[in-house]
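Observations on the three-dimensional arrangement
The primary structure of each chain is shown beneath.
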Amino acid sequence: MDKKKNLFSPIKAWKYAFKKPVSFSMEDIIDRPRESENNARGFHINDHTKCIGCGACSEICPTEAIVMVKRADLEPKDGEHPERPTIDYGRCCFCALCVDICTTGSMKMSKAYVFNTTNPDTLYKMPEEIFAASGGTITGYEKTPESDLLDLVRAEMPSEASEKAKESFIELLKGYSMAQAKAEAARCIGCEICVKTCPANMHIPEYIDAVGQGDMAEGLALLYKTNPLPGVCGSICTHKCETVCAIGQRGEPIAIRWLKRYIVDNAPESMYEEVLMAPVSAPGKGRVAVVGGGAAGMSASYYLRTMGYAVDLYEAKPLMGGVARYGVPQYRMPEERLNKDVDLLKKIGVGFHVNTKVGKDITLDALHEQYDAVFLASGLPQSRSLKLENGDHPDVLYAMPFLAAARDYLRGQGEMPDVAAKVIVIGGGNVAFDVARTILRFQQEKYGHNQVSLVSLETKDILPADKEEIEEGEAEGLRYFCGFGPQGIELSEGKIAGLHTVKCLSVFDENRSFCPVFDKDQKDLIEGSQVYVAIGQMNDHAYFTPEHLDKAVLKGGKVQTDSWGQVQGMPWLFAGGDIVHGPDMIHGIADGHQAARGIDLYLQSLSQTS
Amino acid sequence: MSEVKLFFGPQHPGMHGNASVHLYVEGDLVKKARLVPGMLHRGFEKSMENHTWMGNLALIPRVCVAEPDINEMVFAQGLETIAEVEIPERAHYIRMVIMEMTRILAHMMSLGALASPTGLYTANQWMQADRNNIQDLFEAITGHRIYHMYIVPGGVRKELPQGIETRILDFFTEFERRMPEYHALIFENPTIQARLKDNIMLPEFVVWELGVTGIGMRSAVGKPYDVRKVTPYARYDKVDFEVPVATYSDAYTRSVMKYYEIKESIRIIRQAFDMMPQGKVNVKIAPGNALKWTLPKGQTYSAVESARGEFGYYIVSDGKTQPYRIAVRGASFPQGFLGVERYMPGVRLDDAPLWYDTMGICTPEIDR
Amino acid sequence: MTNSMNNVKAPLLAQIGALFPEVRLKKDRDREITFEVQPRDLHQVLTYLKNAGWRQLSMISCVDWIEDGQFELVYNVFDWTQGLRVLLSMKIDRGEAQAMTIINLFDGAMYYEREIHEFFGVVFLGNEDALKSLFLERWDDIPPLRKDFDSRAYSDKKYVKRFYDPVYGPQGGASFERS
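A brief structural summary. Bear in mind the structure is a predicted one, so any value in this text is a computation, not a measurement.

Here's the deal with the overall build of chain B
- Across its full length, chain B holds 14 helices and eight strands.
- In summary, chain B has a C-alpha radius of gyration of 21 Å against a globular reference of 21 Å for 368 residues, a match within 12%.
- If one aligns the C-alpha atoms of chain B with their principal axes, the spans along those axes are about 70 × 45 × 35 Å.
- The burial tally for chain B puts 68% of its 368 residues in the buried class.
- Taking the contacts inside chain B whose residues are at least 6 apart along the sequence as the reference set, 70% of them involve residues at least 24 apart.
- As presented, chain B carries roughly 11,700 Å² of accessible surface, and 52% of it is formed by carbon and sulfur atoms.
- Within chain B, one finds 41 positive and 43 negative side-chain charges whose respective centroids are separated by 5 Å.

Pasting the structure below:
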């Protein structure tokens, strides 16, 4: 590369004197600062109305620059924490991992990059304060689907195909394999927003972590801390936790209920013995009677027994379990999983008294004499009746007795209920679907085909039942007549021929109270020879005498209690579950636990004063 | 004459990074030299064990400051090997474009760094001006000018923005047009020729003795020993490029080879854009969210060809969410230590910074 | 690519298996083979490899398996003509951590061994220069890359932490604690 020295080469360099310089002048830098490119990672912007305070940004920050700070001006509500992120710009390295993991997409980075200060304390910012200078309002880096660090798709739960499912009562959902459960557990970010919403405040992120580690013993111990019926909840809980899951903001929520079921299904029997028998104290503190062997009653029995009380559980039916035993169909709540939960109660020494109805076989006052405290959890065993023309025909049947008879039949303890070939079900909630899909399966077994017509006041988009029920029901062959109100039953030669219905225009009025409005001119006659009514459940306070009713307060059939479950006016009496808070199983379980603590406090206070 | 002890660095205009070279000189001849590193020791290898796999993304570009993308590339490649995950085709080509642009940046910086030892400060200003334009392109693609954090395990982080292909290709066309000016400025300059030609030799036996790689090796051995050719990664086997070699390794040859490598890099970028298919740009290497990614147990050594030679990470995973051990092989570790100790003695004092620079020693990757 | 790789790998595996019966193949990746060697075989295997074309020592690394009570030294050699990398993994005892030096085979090992001595405490017999400190100045604790060295605890002990008094406006919460 040797070039002979050219006499003119220094002169050639002069051409650069006439070219425009590439450097910026000082005024240009300060007065007209350069605008960054579109993707620039500058100071953060956080839309604090969209942010839910989940803390994922704080977890992932590699330099620990983000700290979540409680804000007094935010109301604590379901689905978010009243906290917002603050960023220490002395530590931030502008990697944008916080933007990529944000669950709501509220965290972004702006194009601003100039900030000079002599006070280092001002480097600590809550990002909704926008840096006004140099483009602080303009969005730079935002997350895109490919840069997202969250896993938004749920692991698919293998389930029975509808064609095969309707032929029998086999369980529809088969359960996760270990790989699927671990993959699903790895989606959780541990924000704990679900814990507040769960009525029992279960330790959800911790047991999800136990599934991820494959530690079933730890998972089981965590479940039983707040919920002695994890098998039941793992199958049929209303999963309010999943509704508020942070991942559900932009994707599918974590399958918390199915992970709970995974722990129950995969913990061996011996582990139950080891993990759960250890914290049970010997009896000796007192005696408590529990009325009602449903979820709330079983929960209270478990916690009272572990605290050291002798517990006697009274149940009117032949088996413990309540709605889980005599209501929900087998294809959603298989018998074996329920038995796993119930048998543990027997093992720890709860006294079972079945076929004993309090109020008939034994009075409430007798219980008051024999026991130190009584917990009422009798539930809602009766059906709400419907006034219909010809509504007293023997082929007009009600949900609760039918479902109980169906379960008895499948257990081998009764006859198959007599279902007709064409059936009408009135109702739009989960119970109506339980009835309809059970009838459907009986029809398949008996006739080889099914015809069940579901009539509901609500239109299909506002049906109160779970979405999965509606979709699965449709796949199994249910016919929907949504938005119709029943008027009367059409008889022909003494047998039911069909149901007269009229169009329902609206169900609720402006105050959200039940006030259906009908259009009597749009009519429809639905064919069927049996009508099943599933419009709600009712309590059965057969044990309350007039003296009791003087002291206790019943409002709309619900027993009024304080936050511990203690009935005002009768301090020895506690109540919980559906008779206090309406139908919701997990709430009943939480009530049972709370009442157990309340009974303990009450009896301790008595023994101190005496 | 008596011996005088001098300190070349850590604050010295001719020093790359911050390291101290203790020189024992007699007159102006260096008799003994010793590298005393540690001023840039930031404890990366220990830090990386305390962060999750994805959280390490923020740490790794800072290991080698001059050329950050090679760190991301070896890290991503190593994790993909351990997890046995195939990344989409498009990601391979985008990675090639990024790596080549980074190589151009690093070469321009080192050609500009000839400024301080020789006094040709114009070279530095010109190089930095053009580097700025390339860094603007990087800002458009990745969001940041220097620490890109764009190549992630599983592919690349985001899709290329609209219109970037035209911008990049137009820029490089313009740049290629100007390259003869750079050549005239630096390589035809009498000062540079006097200082660099036949000076600071690197014989072949020294290469094998120390374990030098990169331009030093190729200029002495005369064979295309380049990681991109010998163990190709990221579709380098599909593009057509040449690796400059020489058999007479003086400082001048090594610098001119950088110039030719820049030309070859531009060729690779053009071909990569031609051959780039459409499709996804990344896959996830493990199920779940990034806080919970676990890798199977395993160990691997993944290497790329950086501007200075073979750069690699030795990654050990024991099945958890954090690495068990990551060991960094700085490309200039051999030259920096043994080279300084054995072969710097004998140069003149004013050539000491030039020796340090033309051997391609980069202190941050030695110290980490 | 894989076909030619097999042509290269197969003779190597055969030769190593024949000459060194105690050497075990640990992992065979596409262009990287890992062998497990015993300390007494290390020099012979390295000599064989060096003469067979693996002329470059890329690096020596050390991994601390604290639960097993061992250090694992990994010797990384590369053959530029064939493009095949060989990793030799050697386990030594953690309590009495020592190994033979290889500076007589590969000069470049000098500083790698010195670095491993400084960060892990492994003594390389025959390499006295390796006992001197390299990166750390006036270090007063155990070798820092060992697993029982807690870097966060060390930093808390030695350096003063800065606490902020943040001024982030009226929306800020009243009390704020930095952990």
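Continuing now.
A few points about the nonpolar core
- Formed by 292 residues in total, the largest nonpolar core has its most connected members in A:Leu367, B:Val21, B:Phe172, B:Tyr313, B:Met344, C:Tyr75 and C:Leu88.
- When residues in this core are grouped by element, the largest group, eleven residues, is from helix α3 (residues 89–112) of chain B.
- Contact partners of B:Phe172, with chain neighbours within four places excluded, come to B:Met101, B:Ile104, B:Ile134, B:Ile266, B:Ile269 and B:Arg270.

Focus on the sheet that holds strand β11 (residues 396–398) of chain A
Residue and element names in this part refer to chain A.
- Taken together, the five strands give an open sheet; going across it, the order is β11-β18-β12-β13-β14, and neighbouring strands pair in parallel fashion. Whereas interior strands pair on both sides, the edge strands pair on one side only; in this sheet they are β11 and β14 (479–482). Here the average twist between neighbouring strands, direction ignored, is 25°.
- The sheet contact formed by β11 and strand β18 (residues 530–533) spans three bridges and is parallel. Bridging from a neighbouring strand, Val 396 pairs with Val 531 of β18.
- Strands in contact with helix α18 (residues 399–411) are β11 and β18; relative to β11, the strand with the most contacts, it is inclined by about 75°.

Observations regarding the pairing of strand β3 (residues 56–65) of chain C
Residue and element names in this part refer to chain C.
- Burial within β3 is extensive, with ten of its ten residues counted as buried.
- Pairing between β3 and strand β4 (residues 70–79): nine bridges, direction antiparallel. Bridging from a neighbouring strand, Met 59 pairs with Asn 76 of β4.
- In this structure, the hairpin formed by β3 and β4 is closed by a connection of four residues, where Gly 69 is found at a positive phi of approximately 70°.

So, the interface of chain B and chain C
- Contact residues are listed per partner, giving 45 residues for chain B and 41 residues for chain C.
- A buried area of about 3,800 Å², summed over both sides, lies between chain B and chain C, and 58% of it is on carbon and sulfur atoms.
- The largest contributions to the chain B side of the interface with chain C come from B:Lys46, B:Trp208 and B:Tyr324, which together make up 17% of the buried area.
- Put simply, chain B and chain C have four salt bridges between them.
- Measuring nitrogen to oxygen at the nearest pair gives 3.1 Å for the salt bridge that ties C:Arg85 to B:Glu310.
- Across the chain B-chain C interface, the total number found is 21 residue pairs in polar contact (both at pLDDT 80 or more).
- With six residues, helix α12 (residues 333–343) of chain B is the largest single contributor of residues to the side of chain B that touches chain C.
- Along the lines of polarity and charge, the residues of the side of chain B that touches chain C split into 21 nonpolar, ten polar and 14 charged.

Considering the interface of chain A and chain B
- Facing the 40 residues of chain A at the interface are 42 residues of chain B.
- Of the roughly 3,200 Å² buried at the junction of chain A and chain B (both faces included), carbon and sulfur atoms supply 51%.
- Along the contact surface separating chain A from chain B lie two salt bridges.
- Between the two partners, chain A and chain B, sit 22 residue pairs in polar contact (both at pLDDT 80 or more).
- Of all the secondary structure elements, the ones that give two or more residues to the side of chain A that touches chain B are α3 (56–60), α4 (97–101) and α6 (178–185) of chain A.
- When its residues are assigned to classes, the side of chain A that touches chain B shows 20 nonpolar, four polar and 16 charged.

Concerning the environment of A:Glu274
- Within the secondary structure, A:Glu274 is located in helix α13 (residues 269–277).
- Given a relative accessible area of 61%, A:Glu274 falls into the exposed group.

Describing the environment of A:Ile208
Residue and element names in this part refer to chain A.
- Its location among the elements puts Ile 208 in helix α8 (residues 204–213).
- When the C-alpha positions of Ile 208 and Asp 312 are compared, they lie 34 Å apart, and in sequence the two are 104 residues distant.
- With near-sequence residues (within four places) excluded, Ile 208 lies in contact with Ala 185, Cys 188, Ile 254, Ile 256 and Leu 259.

Considerations on the packing of α8(A) against helix α9 (residues 216–226) of chain A
Residue and element names in this part refer to chain A.
- Two elements in contact, α8 and α9, have axes whose closest approach is 8 Å; the angle formed by their N-to-C orientations is 160°. Judged by the inter-axis angle, α8 sits roughly antiparallel to α9. In this structure, α8 meets α9 at a crossing whose hand is left-handed. In contact with Glu 206, Tyr 207, Ala 210 and Val 211 of α8, α9 contributes Met 216, Glu 218, Gly 219, Leu 222 and Leu 223.
- For the contact of α8 with α9, the class distribution of residues is six nonpolar, one polar and two charged.

Description of the pattern of salt bridges
- Per the stated rule, a full pass over the model turns up 73 salt bridges over all chains.
- For A:Asp265, the salt bridge is made with A:Arg261, and the minimal N-O distance between the two is 3.1 Å. A residue pair is termed a helical-turn pair when its members lie 3 or 4 positions apart in one helix, as A:Asp265 and A:Arg261 do in helix α12 (residues 256–266) at four residues.
- Look at A:Asp265 and you get partly exposed, because its relative accessible area is 36%.
- On the accessibility criterion, A:Arg261 (4% relative accessible area) is buried.
- We note a salt bridge from B:Arg177 to B:Glu174, for which the minimum N-O separation is 2.7 Å. Here B:Arg177 and its partner B:Glu174 are both found in helix α6 (residues 164–186), three residues apart, which amounts to about one turn of the helix.
- Put simply, A:Arg332, A:Asp434, A:Arg437, A:Arg441, A:Glu469, A:Glu472 and A:Glu476 are held in one network by salt bridges that share partners.

What counts and how
- Residues numbered from 1 in each chain as written.
- Chains lettered and ligands numbered in written order.
- Predicted model: local features only at pLDDT ≥ 70, side-chain atom pairs only at ≥ 80, totals over all residues.
- Heavy atoms only, no water.
- Helix = DSSP H or I, 4+ residues; strand = E, 2+ residues; numbered from the N terminus.
- Rg over C-alpha atoms; globule rule 2.2 N^0.38 Å.
- Buried < 20%, exposed > 50% of the residue type's maximum accessible area, 1.4 Å probe, protein only.
- Contact = heavy atoms within 4.5 Å.
- Areas by Shrake-Rupley, 256 points an atom, 1.4 Å probe, with all protein chains shown as cover.
- Lys, Arg positive; Asp, Glu negative; His and termini not counted.
- Charge placed at Lys NZ, Arg CZ, Asp CG, Glu CD.
- Core = buried A, V, L, I, M, F, W, Y, C linked by side-chain atoms within 4.5 Å.
- Pairing = 2+ DSSP bridges.
- Axes fitted to C-alpha atoms, helices over the stretch in contact; angles between N-to-C directions.
- Buried area = accessible area lost by both parts, 1.4 Å probe.
- Salt bridge = Lys/Arg side-chain N within 4 Å of Asp/Glu carboxyl O.
- Polar contact = N/O pair within 3.5 Å; in protein donor to acceptor, adjacent residues only side chain to side chain.
- Nonpolar A, V, L, I, M, F, W, Y, C, P; charged D, E, K, R; others polar.
- Parallel < 35°, antiparallel > 145°, perpendicular 65-115°, else oblique.
- Left-handed = near helix turned anticlockwise from the far one by under 90°.

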